[in-house]
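# Fold and contact review
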Amino acid sequence: MNSLPPEPLPAPEAFQETAPALASVPTNAAGEESAARYPDLYQAATNGPATFRHLVQAHQLAASTDQLACDAGNWLIPALSQKFSEAHGGIEKEYYCSEVVGGC
């Protein structure tokens, strides 16, 4: 059996997909007004720090059939993603499931 040494894997940097940095928190007035109804999420989105839990909660709001919740979630997601990225050196990949809530 001929055993060749395995090829080296590409550096992790080659696989990184980071969220684009936002210049500022989105200013959509209706979305911001809706987001303010969720004070913990709004505080994290505007002042940080944002946690993974905040991101999941915002995605759940965005998937809601309630228009105010959906508007809030859509406003919160980019702002929370930016704050989370700043604190954790970026986001490599994001996957959200509507059936199971969890993460790593």
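I will try to describe carefully the structure that is included in this document. Note that the structure is a prediction, hence the values are computed from the model and not measured.

Cut-offs and rules
- Residues numbered from 1 in each chain as written.
- Predicted model: local features only at pLDDT ≥ 70, side-chain atom pairs only at ≥ 80, totals over all residues.
- Heavy atoms only, no water.
- Helix = DSSP H or I, 4+ residues; strand = E, 2+ residues; numbered from the N terminus.
- Buried < 20%, exposed > 50% of the residue type's maximum accessible area, 1.4 Å probe, protein only.
- Contact = heavy atoms within 4.5 Å.
- Areas by Shrake-Rupley, 256 points an atom, 1.4 Å probe, with all protein chains shown as cover.
- Phe/Tyr/Trp six-rings, centres within 6.5 Å; stacked < 30°, edge-to-face > 60°.
- Expected span 1.5 Å × (residues − 1).
- Bend = angle between axes of the 7 residues up to and from the residue.
- Polar contact = N/O pair within 3.5 Å; in protein donor to acceptor, adjacent residues only side chain to side chain.
- Axes fitted to C-alpha atoms, helices over the stretch in contact; angles between N-to-C directions.
- Left-handed = near helix turned anticlockwise from the far one by under 90°.
- Nonpolar A, V, L, I, M, F, W, Y, C, P; charged D, E, K, R; others polar.

### Points about the overall build of the chain
If you tally the helices and strands in the chain, you get 4 helices and 0 strands. When its helices and strands are written in sequence order, the chain yields α-α-α-α. Per-residue burial for the chain yields a buried fraction of 28% across its 104 residues. Taking all contacts inside the chain whose residues are at least 6 apart in sequence as the whole, residues at least 24 apart take part in 68%. A total of about 7,400 Å² of accessible surface is found on the chain, and carbon and sulfur atoms cover 56% of it.

### A short note on the packing of aromatic side chains
Overall, the coordinates contain 1 aromatic pair when judged by the stated rule. Relative to Trp 75, the ring of Tyr 42 has its centre 5.6 Å away and its plane inclined at 20 degrees; by these criteria the two rings are stacked. Within this pair, whereas Tyr 42 is found in helix α2 (residues 39–47), its partner Trp 75 is found in helix α4 (residues 67–88), the two being separated by 33 residues in sequence. The class of Tyr 42 is partly exposed, set by a relative accessible area of 22%.

### Some points on α4
The end-to-end C-alpha distance of α4 is 31 Å, a good match for the 32 Å that 22 residues give at a rise of 1.5 Å each. Of all the bends in α4, the greatest reaches close to 30 degrees and is centred on Leu 76; the proline Pro 78 follows between one and four positions later. The N-cap residue of α4 is Asp 66: its side-chain oxygen and the backbone nitrogen of Leu 68 are 3.3 Å apart. Trailing α4 by a residue or two, Gly 89 shows a phi angle of about 75 degrees, which is positive.

### Points about the side chain of His 54
The topology assignment puts His 54 in helix α3 (residues 52–62). Judged by its relative accessible area of 15%, His 54 is buried.

### With respect to α3
Along α3, the positions that sit buried rather than exposed are His 54, Leu 55, Val 56, Ala 58, Leu 61 and Ala 62. Residues of α3 that are buried in the fold lie against α2 and α4.

### Points about the environment of Ala 45
Looking at the secondary structure, you find Ala 45 in helix α2. Sequence separation of Ala 45 and Lys 83 is 38 residues, and the distance between their C-alpha atoms is 6.6 Å.

### Details of the packing of α2 against α3
Remark: α2 packs on α3, axes separated minimally by 10 Å, with the N-to-C direction vectors making an angle of 120 degrees. With respect to the hand of their crossing, α2 and α3 are arranged in left-handed fashion. Along its contact with α2, which presents Asp 40, Leu 41 and Ala 44, the element α3 presents His 54, Gln 57 and Leu 61. Here the residues of the contact of α2 with α3 are counted per class, giving 3 nonpolar, 2 polar and 1 charged.

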